[in-house]
Amino acid sequence: MSHAAAESVVMSTAAQNPAKRRVLVIEDEPDMARLVCLHLAELPADVRSEADGLTGLRAAREHGPWDLIVLDLRLPGMGGLDVCRTLRQAGDRVPILMLTARGSELDRVLGLELGADDYLTKPFSVLELAARVRALWRRSGEQTQNPSTDEPAALQRGALQIDRRQRRAWLHGTEVALTVIEFDLLWCFAREPGRAFSRGELLDRVWDTRHEGYEHTVNTHINRLRSKIGAGLIHTVWGRGYRFEEPRAEASS
Ligand code: CA
């Protein structure tokens, strides 16, 4: 890590959030757990480690709030997918970074569908781990703490109401529980109704990455967002990507 990068992390943490970030690592391989904890602590963060799914889930619920959960998918006892699903079903929106084995494509897709925000495939570099974690925190924290002046604080699109500072959304007055990435996707679409976004554009704007093989991740998150806000709001534009259509207030599904 360069000196400048280390300094900026420390400074922004001190300026915006005097308390250290709290991270829960749920990983059963001792070497991997040690490596991840060591490097997260340098971000800096307070890190707690659990070695199986059930204990991890208990820690997630009883010792929070957490700023991040690093979740291995192959765990003894309760698997990572079940941990993720259980947390999301309970309305917990903590950023979740999955760790998956190379070649376990189905695990990744399922994990993202169940509510994980991002994934890393083992083996990964320490730099990549730090970059993904920072990107998640930047997304979940920056907009609430440093809203840029040219962005509206809130949007109303038909029956859909979106508050950027609180990072919350309501459909017909009922709150929709959105993860970090789902919220960013929705905001990106709702900012410019009618505009078609390619998957590459969405990766740039929402994921802040051009990571190889991420296109299917976009589809997965959009399907999840559709299942929460109604399938009729985000349309597939064949050969292009996706487009948000402003909901009509009187429309019923
Ligand atoms: Ca494992």
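The preceding data block contains the structure.
Residues numbered from 1 in each chain as written. Predicted model: local features only at pLDDT ≥ 70, side-chain atom pairs only at ≥ 80, totals over all residues. Heavy atoms only, no water.

Caption draft 1: Just the coordination of the calcium ion, in detail. Note on the calcium ion: its protein donors are D28 (OD), D72 (OD) and R74 (O). The metal-donor distances range over 2.1 to 2.3 Å. All donors of the calcium ion belong to a single chain; written as a sequence motif, their spacing is D-x43-D-x1-R. Pair noted here: D28 is in the loop between β1 (21–26) and α2 (30–41) and R74 is in the loop between β3 (68–72) and α4 (80–89), with a separation of 46 residues, a long-range link. Residue classification places D28 among the partly exposed positions, given a relative accessible area of 28%. (Donors = N, O, S within 2.8 Å, 3.2 Å for Na, K, Ca; no water. Helix = DSSP H or I, 4+ residues; strand = E, 2+ residues; numbered from the N terminus. Buried < 20%, exposed > 50% of the residue type's maximum accessible area, 1.4 Å probe, protein only.)

Caption draft 2: Quick look at the side chain of K122. Relative to the assigned elements, K122 resides in strand β5 (residues 118–122). For K122, a relative accessible area of 14% gives the class buried. Polar contacts involving the side chain of K122 include one to the side chain of E27, which spans 3.0 Å. Each residue touching K122, except ones within four places of it in the same chain, is listed here: E27, E29, M32, D72, L99, T100 and R102. (Polar contact = N/O pair within 3.5 Å; in protein donor to acceptor, adjacent residues only side chain to side chain. Contact = heavy atoms within 4.5 Å.)

Caption draft 3: Examining the environment of Y242 more closely. Take Y242: it is sitting in strand β12 (residues 241–244). When the C-alpha atoms of Y242 and L202 are compared, they prove to be 9.2 Å apart, with 40 residues separating the residues in sequence. Side-chain polar atoms of Y242 contact the side chain of N219, separated by 3.3 Å.

Caption draft 4: Fine view of the sheet that holds β1. The strand order β2-β1-β3-β4-β5 describes an open sheet built from 5 strands, whose pairing is parallel. The sheet is open, and its two edges are formed by β2 (45–50) and β5, each paired on a single side. Each strand of the sheet is rotated relative to its neighbour by a mean of 20 degrees, with strand direction disregarded. Bridge count between strand β4 (residues 96–101) and β5: 5 bridges; the pairing is parallel. Each residue of the ladder has a partner; that of M98, found in β5, is Y119. On top of the sheet, α2 reaches β1, β2, β3, β4 and β5; it is set at about 165 degrees to β2, its chief contact. (Pairing = 2+ DSSP bridges. Axes fitted to C-alpha atoms, helices over the stretch in contact; angles between N-to-C directions.)

Caption draft 5: Region of the structure containing the environment of L38. As for its placement among the helices and strands, L38 is situated in helix α2. In this structure, the C-alpha to C-alpha distance between L38 and V126, residues 88 residues apart in sequence, is 10.0 Å.

Caption draft 6: The packing of α4 against helix α5 (residues 105–114), seen in detail. The geometry of α4 relative to α5 is characterised by a closest axis approach of 9 Å and an angle of 15 degrees between their N-to-C directions. Between α4 and α5, the angle falls in the class roughly parallel. For the element pair α4 and α5, the recorded crossing hand is left-handed. Residues L81, C84, R85 and R88 of α4 touch α5, and the partners they reach there are D107, L110, G111 and L114. Here the contact of α4 with α5 is built from residues that sort into 4 nonpolar, 1 polar and 3 charged. (Parallel < 35°, antiparallel > 145°, perpendicular 65-115°, else oblique. Left-handed = near helix turned anticlockwise from the far one by under 90°. Nonpolar A, V, L, I, M, F, W, Y, C, P; charged D, E, K, R; others polar.)

Caption draft 7: Structural context of the packing of aromatic side chains. Taken as a whole, this structure holds 2 aromatic pairs when the rule is applied. Considering the side-chain rings of F183 and W187, the 6.3 Å spacing of their centres and the 15 degrees angle between planes classify their relative orientation as stacked. Of this pair, F183 and W187 both sit in helix α7 (residues 180–191), separated by 4 residues, roughly a single helical turn. Of the residues examined, W187 reaches a relative accessible area of 6% and is grouped as buried. Here F189 and F197 contribute two aromatic rings whose centre-to-centre distance is 5.6 Å and whose plane-to-plane angle is 85 degrees, an arrangement assigned as edge-to-face. (Phe/Tyr/Trp six-rings, centres within 6.5 Å; stacked < 30°, edge-to-face > 60°.)

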